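Here are the chains, one letter per residue:
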Amino acid sequence: MSGKKLSLADWQQQLGRLDPSPESSSQEGLVYSTSQGRMTAAPPQTAEPQGFADGKLRLKRETKGRNGKAVITIAGVTEGSQRLNEIAALLKKKCGCGGAVKDGIIEIQGDQREVIVAELEKLGYSCKWAGG
């Protein structure tokens, strides 16, 4: 073993692990840089709910991609995400089932159309069934 000390970069280059050209390196996996400091990931962006021109909520019964299980989706609520979560929680309690809010759309598990429409009308929303 020689008395010469190698830096970590020189050692990795000798092993073929480090590409000496700076153009080919990407900063996607960079956690810390001495020139820029700590790198932080951008916060995930949430989708803003979109309303329909007639002001009615669209209710749709879907089974696609859910192994044949029915889910009622409610789109068109234009209020913020906190209000969407409140409406979803209320509907889940009234229906006695699960559900979620995804991308501005409320999903309620099961096929309880009458209960969902009645509760939404109590809250002051007008509903319209969409799809076949």
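Now for a quick tour of the structure. (Residues numbered from 1 in each chain as written. Predicted model: local features only at pLDDT ≥ 70, side-chain atom pairs only at ≥ 80, totals over all residues. Heavy atoms only, no water.)

Within the largest apolar cluster, 16 residues are counted, with the highest numbers of intra-cluster contacts made by Leu59, Ile74, Ile116 and Leu120. Listed by contribution, the elements that provide at least two residues to this core are strand 3 (57-62), strand 4 (71-75), helix 2 (81-95), strand 6 (105-109) and helix 3 (113-122). For this core, the leading source of residues is helix 2, giving 5 residues. Dropping the residues within four chain positions of it, Leu120 is found in contact with Leu57, Leu59, Ile74, Ile87, Leu91, Tyr125 and Cys127. (Core = buried A, V, L, I, M, F, W, Y, C linked by side-chain atoms within 4.5 Å. Buried < 20%, exposed > 50% of the residue type's maximum accessible area, 1.4 Å probe, protein only. Helix = DSSP H or I, 4+ residues; strand = E, 2+ residues; numbered from the N terminus. Contact = heavy atoms within 4.5 Å.)

Take a nonpolar patch on the surface next. Together, Leu8, Trp11 and Leu15 give the surface a local cluster of nonpolar side chains, amounting to about 320 Å² of exposed area. Following the sequence through the fold, Trp11 ends up in helix 1 (residues 8-15). (Patch = residues over 30% accessible without salt bridge, like charges linked within 9 Å, V, L, I, M, F, W, Y side chains within 5 Å. Areas by Shrake-Rupley, 256 points an atom, 1.4 Å probe, with all protein chains shown as cover. Salt bridge = Lys/Arg side-chain N within 4 Å of Asp/Glu carboxyl O.)

With that settled, consider the packing of aromatic side chains. Enumeration according to the criterion identifies 0 aromatic pairs in this entry. Here Arg58 stacks its cationic end above the ring of Phe52, 4.4 Å away from the centre of that ring. Against the face of Trp129 rests Arg113, its NZ or CZ located 5.5 Å from the ring centre. (Phe/Tyr/Trp six-rings, centres within 6.5 Å; stacked < 30°, edge-to-face > 60°. Lys NZ or Arg CZ within 6 Å of the ring centre and 35° of its normal.)

Turning our eyes to something else, we now look at helix 3. Note: α-helices contain 3.6 residues per turn, so residues at a spacing of three or four share the same orientation. Those residues of helix 3 that sit buried are Ile116, Val117, Glu119 and Leu120. The arc enclosing the buried residues of helix 3, seen along the axis, measures out at 165°, which places them on a common side. Residues of helix 3 that are exposed and point more than 90 degrees away from the buried face comprise Glu114 and Lys122. Contact partners of the buried residues in helix 3: strand 3, strand 4, helix 2, strand 6 and strand 7 (127-129). (Arc of directions from axis to C-beta.)

The next subject is the pattern of salt bridges. Once their charged atoms are close, side chains differing in charge can pair, the charge on each being opposite to the other. Going through the model one piece at a time under the given rule, you end up with 9 salt bridges. Residue Arg66 is joined to Glu62 by a salt bridge in which the shortest nitrogen-to-oxygen separation is 3.2 Å. Judged by its relative accessible area of 22%, Arg66 falls in the partly exposed class. Taking the relative accessible area as the measure of exposure, Glu62 reaches 23% and is therefore partly exposed. Glu119 is paired through a salt bridge with Lys122; the nearest N and O atoms lie 3.4 Å apart.

This brings us to the packing of helix 2 against helix 3. Where helix 2 contacts helix 3, the axes come no closer than 10 Å and their chain directions differ by 135°. Taken together, helix 2 and helix 3 sit at an angle that is classed as oblique. Note that helix 2 runs across helix 3; the crossing there is right-handed. Each of Ile87, Leu90, Leu91, Lys94 and Cys95 in helix 2 lies in contact with helix 3, whose residues at this interface are Val115, Ile116, Glu119 and Leu120. In terms of residue class, the contact of helix 2 with helix 3 is built from 7 nonpolar, no polar and 2 charged. (Axes fitted to C-alpha atoms, helices over the stretch in contact; angles between N-to-C directions. Parallel < 35°, antiparallel > 145°, perpendicular 65-115°, else oblique. Left-handed = near helix turned anticlockwise from the far one by under 90°. Nonpolar A, V, L, I, M, F, W, Y, C, P; charged D, E, K, R; others polar.)

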